[in-house]
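Topology and contacts: notes
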Amino acid sequence: MRDFDTLTEVERLVLDVLGPGGLLTVETLARSTGRRVHEVRRATDSLQSKNLAWTNRRGQWSTV
């Protein structure tokens, strides 16, 4: 179960972009959300630690 009350605004934006599917890099996520790369990187790392997102060897992110 996803508890969206504990997610930051950037984490929610990243999940919204990743939701439809596909593998996106941090740079693409930053452009899509209008946030800085370091904010998106922090959010994706946090989502990965919460088991809500994963990354492959190429650095592309997707939802679980």
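In this report, we go over the structure that sits alongside the text. Bear in mind the structure is a predicted one, so any value in this text is a computation, not a measurement.

What counts and what doesn't
- Every chain is numbered on its own, with residues counted from 1 as its sequence reads.
- Residues qualify for local features only when their pLDDT is at least 70, as the model is predicted, and side-chain atom pairs are given and counted only at 80 or more; totals for whole chains, interfaces and linings, by contrast, use all residues.
- Hydrogens are left out, water is left out, and the side-chain values use all remaining heavy atoms of the structure.
- Only DSSP runs of H or I reaching four residues or more are called helices, and only runs of E reaching two or more are called strands; each is numbered from the N terminus.
- For helices, the fitted line uses only the C-alpha atoms of the stretch in contact; every axis is such a line through C-alpha atoms, and the angle between N-to-C directions lies from 0 to 180 degrees.
- Small angles under 35 degrees read as roughly parallel and large ones over 145 as roughly antiparallel, with 65 to 115 read as roughly perpendicular and the rest as oblique.
- Only heavy atoms enter the contact rule, under which two residues are in contact if any of them lie within 4.5 Å.
- Residues are grouped as follows: nonpolar covers Ala, Val, Leu, Ile, Met, Phe, Trp, Tyr, Cys and Pro; charged covers Asp, Glu, Lys and Arg; every other residue, Gly included, is treated as polar.
- In this scheme, patches are assembled from residues that exceed 30% relative accessible area and form no salt bridge. Like charges are connected within 9 Å, while nonpolar side chains (Val, Leu, Ile, Met, Phe, Trp, Tyr) are connected within 5 Å.
- All accessibility values rest on the Shrake-Rupley procedure with a 1.4 Å probe; residue burial counts only the protein chains present in the view.
- Salt bridge criterion: a side-chain nitrogen from Lys or Arg within 4 Å of a carboxyl oxygen from Asp or Glu.
- A 1.4 Å probe rolled over the protein chains alone gives each residue an accessible area, and that area as a share of the maximum for its type sets the label: buried under 20%, exposed over 50%, partly exposed in between.

1. Some words on unusual backbone geometry
Positive phi values are uncommon outside glycine, yet Asn 51 reaches one of about 60°. With respect to the helices and strands, Asn 51 occurs in the loop between α3 (37-49) and β1 (53-55).

2. Some words on the packing of helix α1 (residues 9-18) against α3
Across the interface, α1 lies against α3 with an axial gap of 9 Å and an inter-helix angle of 80°. Classified by the interaxial angle, the pair formed by α1 and α3 is roughly perpendicular. Counted together, Val 10, Glu 11, Val 14 and Leu 15 of α1 and Glu 39, Val 40, Ala 43, Thr 44, Ser 46 and Leu 47 of α3 form the full contact between these two elements. Per-class residue counts for the contact of α1 with α3 are 6 nonpolar, 2 polar and 2 charged.

3. What to know about the environment of Pro 20
Position of Pro 20 relative to the elements: it lies in the loop between α1 and α2 (26-33). For the pair Pro 20 and Ser 62, spaced 42 residues apart in the sequence, the C-alpha separation amounts to 9.5 Å.

4. Comments concerning a nonpolar patch on the surface
A contiguous nonpolar surface patch, about 290 Å² in accessible area, is contributed by Leu 23, Trp 54 and Val 64. Here Val 64 is to be found in the segment after β2 (61-63).

5. Quick look at the pattern of salt bridges
Counted under the stated rule, the structure contains 4 salt bridges. With a closest N to O distance of 3.9 Å, Arg 41 and Glu 27 form a salt bridge. With Arg 41 in helix α3 and Glu 27 in helix α2, this pair connects stretches of sequence that are 14 residues apart. For Glu 39, the salt bridge goes to Arg 35, with nearest N and O atoms at 4.0 Å. According to the relative accessible area criterion, Arg 35 is partly exposed, its value standing at 25%. Residues joined by salt bridges that share partners form a network here, namely Glu 9, Arg 35 and Glu 39.

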